[in-house]
Amino acid sequence: MATDGRAAPVSGPNSYRMGPDERGYFGLFGGRFVAETLMPLILDLEQAYAAARSDPEFQAELSSLNTHYAGRPSPLYFAERLTEHLQQASASAGKRGGAKVYFKRDELNHTGSHKINNCIGQILLARRMRKTRIIAETGAGQHGVAVATVCARYGLPCEIFMGATDVERQKPNVFRMKLLGAKVNAVTAGAGTLKDAMNEALRDWVTNVRDTYYIIGTAAGPHPYPAMVRDFQSVIGKEVRDQMMEAEGRLPDTLVACIGGGSNAIGLFHPFLDDKAVKIHGVEAGGHGLDVPNGHCASMTGGKPGVLHGNRTYLLQDDDGQILEGHSISAGLDYPGVGPEHSWLKDTGRVTYVAVTDKEALEAFQLCTRLEGIIPALEPSHALAHVCKLAPTLPQNDLLVMNMCGRGDKDIFSVAEHLGMKM
Amino acid sequence: MTVETRIDRRFAALKRDGRAALVTFVTAGDPDYETCARLLAGLPAAGADVIELGMPFSDPMADGPTIQASSQRALAAGQTMRKTLALVAGFRKQDRDTPIVLMGYYNPIYVYPAEAFLDDAKAAGVDGLIVVDVPPEADDELCLPAAGRGLSFIRLATPTTDSRRLPAVLANSSGFVYYVSITGITGTATPDVEAVHAQVDRIRRATTLPVAVGFGVRTPEQAEAIARGADGVVVGSALVEAIRRTLGPDGSATGQTVPAVLELVKSLGSGLRTAPGRPNMAG
């Protein structure tokens, strides 16, 4: 274990799927950097999760809810017209590229995104721990809606912390949370986005630590959250393995997913990390462009390691270690950090991380809507924009899976505004 | 630590006097560098026995609205970690006895980077560190390197630090133990004095270090009541609030700012001087 945080990148471990270590580290990244008030609870949570994970009864309950409540497995869909479009794009550049593009349809889950996978797991855990009150942070509101949903399902009171800016740009989700019985607290500190919501959720947790369970929405935060959220989301990648074997008789060649905190991405990637032939791409929010100071949310491609919200990871920060707000058109990617396992996968070189701008994401959003009849959320629109660049460079028999991790209904108001259209 | 530090000397002297320490918190660079420097210079004479100086951070997760705002004011006025250390060095030229403890969050230290920060802090005349988000589980990162340089590493013990966990919290602690009197963030709830005293007694049975109590102590009366069963009382949000109240319409310091804070420190200090302290006899 490096002690000064400046160790050289780890290279070539025997397995990429063994982390974290017993202290919660993925190489340099991760850990448990929280206030003392929370430490006893974090340690309890670690024990409770370890017990639940190896308990067949817990796994059976989780699996049953995934099937009958969330609607899993989600389909693996061959995006035929997009595939043709990208082949033509390659042909018009005088090449013969264009991968066979599949969408993992996690936008079809109950509540409209992959977030429900994690929330079902954590609400079951909260019940096992006999916690009587649930809190959560949310950016785009997809996690907030998923939390409010499982809280309604189990009759637990629920408070959601959401940046005031996000409350404004994600109104439909705010209303859904309220309908589901959640209290939505608009956080005005900072720029009023996901980072500020997470600060406020942590403050609430410190204050109400004895009865409250905090459902963190992404694969970040203090150990054991990054590993636990990854485990609950890994259902995505496990299904893709089986579904692709059934559809094509072999594993995919290329995986692509968008990254804010990175939970949908790690869920898709993790079951494939040791399949060295599978190329993996994570797509960060490039906002106005990586060359625009504080104008993007690409923590890995445009930030450096630091410590925030309980873990060491790549962060957007200035030279003094003050955290930047960043910017993205997508509220769900508008976060200055990233899950620690991604930071480690970046430094080991196992996963390639790139950034896509607001403008490119908006174009991909429209393309997908017209070609496939699927309105994607702005978050996976980033992944899609990268697919549009990547696929024409790949051979036509390359099997590419993109995680369609959320649907775009929530985004239509802000997209209309960006496109200058009247609703 | 075998080497006696300014913190050790100060608590030993107060124990001889039979009273508790007044530990005052302000944020470095709040509302601006110059005003903060004058404030620091005036604190010892006003009655501060130990000075806690906040290292401003953009995301102070353990702090309530009052101290969050002070961090924002300081950062907006251009405060950086290097300027915070310069404030301490400036103070140290005038005062060789009053301990200064830097309090804050890990990230600005981590990117400084940590080893260089510890060297520079020691050279500036810093005596101890409280880093809210570095638990004992990560002692090898900061606590042990700090102790190796003679900087005290002061830990927070909280109402959730049960007897199972307390030994881990105390293991590499030095200087004093900071008992957080509430489960919560700074400056919000009011602690229950009897419950606090019971917890202080519990900690005292496990350590010879002095125990100071903070988070939620606002008035001279509260400070006096807490001091009756502790080795020190930390007052932060109330002082920071006094700074805010005296700012001009444009948010900058006025002629009232420094005197108002020092006046409050005086009244807090006089309460402690009349209260018979109950120092840690184990120590």
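Every value quoted in this text rests on a predicted model; they were computed, and no experiment measured them.

## Things to note about the overall build of chain B
Then, in step 1: Within chain B one finds 12 helices and 9 strands.
Then, in step 2: Principal-axis analysis of the C-alpha atoms gives chain B an extent of 50 × 40 × 35 Å.
Then, in step 3: A burial count over chain B gives 64% of its 283 residues as buried.
Then, in step 4: For chain B, the share of sequence-separated contacts (at least 6 apart) that also reach a separation of at least 24 residues comes to 75%.
Then, in step 5: As displayed, chain B has an accessible area near 9800 Å², and 53% of this comes from carbon and sulfur atoms.
Then, in step 6: Here chain B carries 28 positive and 31 negative side-chain charges, and the mean point of each set is 4 Å from the other.

## Points about the interface of chain A and chain B
Then, in step 1: Between chain A and chain B, the contact holds 40 residues from the first and 38 residues from the second.
Then, in step 2: Both sides of the chain A and chain B interface together cover about 3200 Å² of buried area, and 49% of this is carbon and sulfur.
Then, in step 3: For the pair chain A and chain B, the number of links is 4 salt bridges.
Then, in step 4: For Arg-312 of chain A, the salt bridge goes to Glu-141 of chain B, with nearest N and O atoms at 2.5 Å.
Then, in step 5: The set of elements that each furnish at least two residues to the side of chain A that touches chain B consists of strand S2 (29–33), helix H1 (39–53), helix H8 (194–207), strand S11 (304–308) and strand S12 (310–315) of chain A.
Then, in step 6: Residue contributions to the side of chain A that touches chain B peak at 7 residues, all from H8 of chain A.
Then, in step 7: For the side of chain A that touches chain B, the class distribution of residues is 17 nonpolar, 10 polar and 13 charged.

## Structural notes on the pattern of salt bridges
It is possible for side chains of opposite charge to pair when their charged atoms get near one another.
Then, in step 1: Overall, the coordinates contain 44 salt bridges over all chains when judged by the stated rule.
Then, in step 2: Between Arg-165 of chain B and Glu-137 of chain B there is a salt bridge; the shortest N-O distance is 2.8 Å. Taken together, the positions of Arg-165 of chain B in the loop between strand S6 (156–157) and helix H8 (166–171) and Glu-137 of chain B in the loop between strand S4 (128–131) and helix H7 (143–148) put the pair 28 residues apart, joining distant regions of the chain.
Then, in step 3: A relative accessible area of 6% places Arg-165 of chain B in the buried class.
Then, in step 4: When salt bridges that share partners are traced, they join Arg-53, Arg-230, Asp-231 and Glu-341 of chain A into one network.

## Observations regarding the confidence of the model for chain B
Then, in step 1: Looking at chain B as a whole, the pLDDT averages 94, with 96% of positions reaching at least 70.
Then, in step 2: For this predicted complex, the interface confidence score (ipTM) comes to 0.95, while the overall pTM stands at 0.95.

## Some remarks on the confidence of the model for chain A
Parts of the prediction with low pLDDT should not have their coordinates interpreted in detail.
Then, in step 1: Averaged over all residues, the pLDDT of chain A equals 95, while 97% of them reach at least 70.
Then, in step 2: A low-confidence stretch, residues 1–9 of chain A stays under pLDDT 50, and its non-local contacts, those more than four residues away or across chains, total 17 contacts.

## Quick look at empty space enclosed by the protein
All names here are of chain A.
Then, in step 1: Counted according to the given criterion, the structure contains 8 cavities of 30 Å³ or more.
Then, in step 2: Each pocket or cavity is described by its volume, and for the largest cavity that value is around 300 Å³.
Then, in step 3: His-114, Lys-115, Gly-332, Leu-333 and Glu-379 are, among the 28 residues lining the largest cavity, the residues nearest its centre.
Then, in step 4: For the lining of the largest cavity, the secondary-structure elements that each account for two or more residues are strand S5 (133–138), helix H5 (142–154), helix H11 (263–269) and helix H15 (378–390).
Then, in step 5: Partitioned by chemical class, the residues of the lining of the largest cavity number 8 nonpolar, 16 polar and 4 charged.

## Topic: the packing of helix H9 (residues 225–233) of chain A against helix H10 (residues 235–248) of chain A
When two helices pack together, you describe them by how their axes are tilted relative to each other and by the distance separating the axes.
Then, in step 1: At a minimum axis distance of 5 Å, the contact between H9 of chain A and H10 of chain A shows a crossing angle of 35 degrees. For the pair H9 of chain A and H10 of chain A, the contacting residues are Asp-231, Phe-232 and Gln-233 of chain A in the first and Val-235, Ile-236 and Gly-237 of chain A in the second.

## Overview of the side chain of Thr-254 of chain A
Residues and elements named next belong to chain A.
Then, in step 1: Mapping Thr-254 onto the fold places it in strand S9 (residues 254–259).
Then, in step 2: On the basis of relative accessible area, Thr-254 is assigned to the buried category, the value being 0%.
Then, in step 3: At 2.8 Å, the side chain of Thr-254 forms a polar contact with the side chain of Asp-398.
Then, in step 4: Not counting residues up to four positions away in its chain, the partners in contact with Thr-254 are Lys-279, His-281, Leu-390, Leu-394, Asp-398, Leu-399, Leu-400 and Val-401.

So, how was this worked out
Residues numbered from 1 in each chain as written. Chains lettered and ligands numbered in written order. Predicted model: local features only at pLDDT ≥ 70, side-chain atom pairs only at ≥ 80, totals over all residues. Heavy atoms only, no water. Helix = DSSP H or I, 4+ residues; strand = E, 2+ residues; numbered from the N terminus. Buried < 20%, exposed > 50% of the residue type's maximum accessible area, 1.4 Å probe, protein only. Contact = heavy atoms within 4.5 Å. Areas by Shrake-Rupley, 256 points an atom, 1.4 Å probe, with all protein chains shown as cover. Lys, Arg positive; Asp, Glu negative; His and termini not counted. Charge placed at Lys NZ, Arg CZ, Asp CG, Glu CD. Buried area = accessible area lost by both parts, 1.4 Å probe. Salt bridge = Lys/Arg side-chain N within 4 Å of Asp/Glu carboxyl O. Nonpolar A, V, L, I, M, F, W, Y, C, P; charged D, E, K, R; others polar. pLDDT = per-residue confidence, 0-100. 1 Å grid on protein atoms, 1.4 Å probe; cavity = no way out; pocket = protein on both sides within 12 Å on 5 of 7 lines; lining within 4 Å. Points joined across faces, edges and corners; volume = space filled by probe spheres on them. Axes fitted to C-alpha atoms, helices over the stretch in contact; angles between N-to-C directions. Polar contact = N/O pair within 3.5 Å; in protein donor to acceptor, adjacent residues only side chain to side chain.

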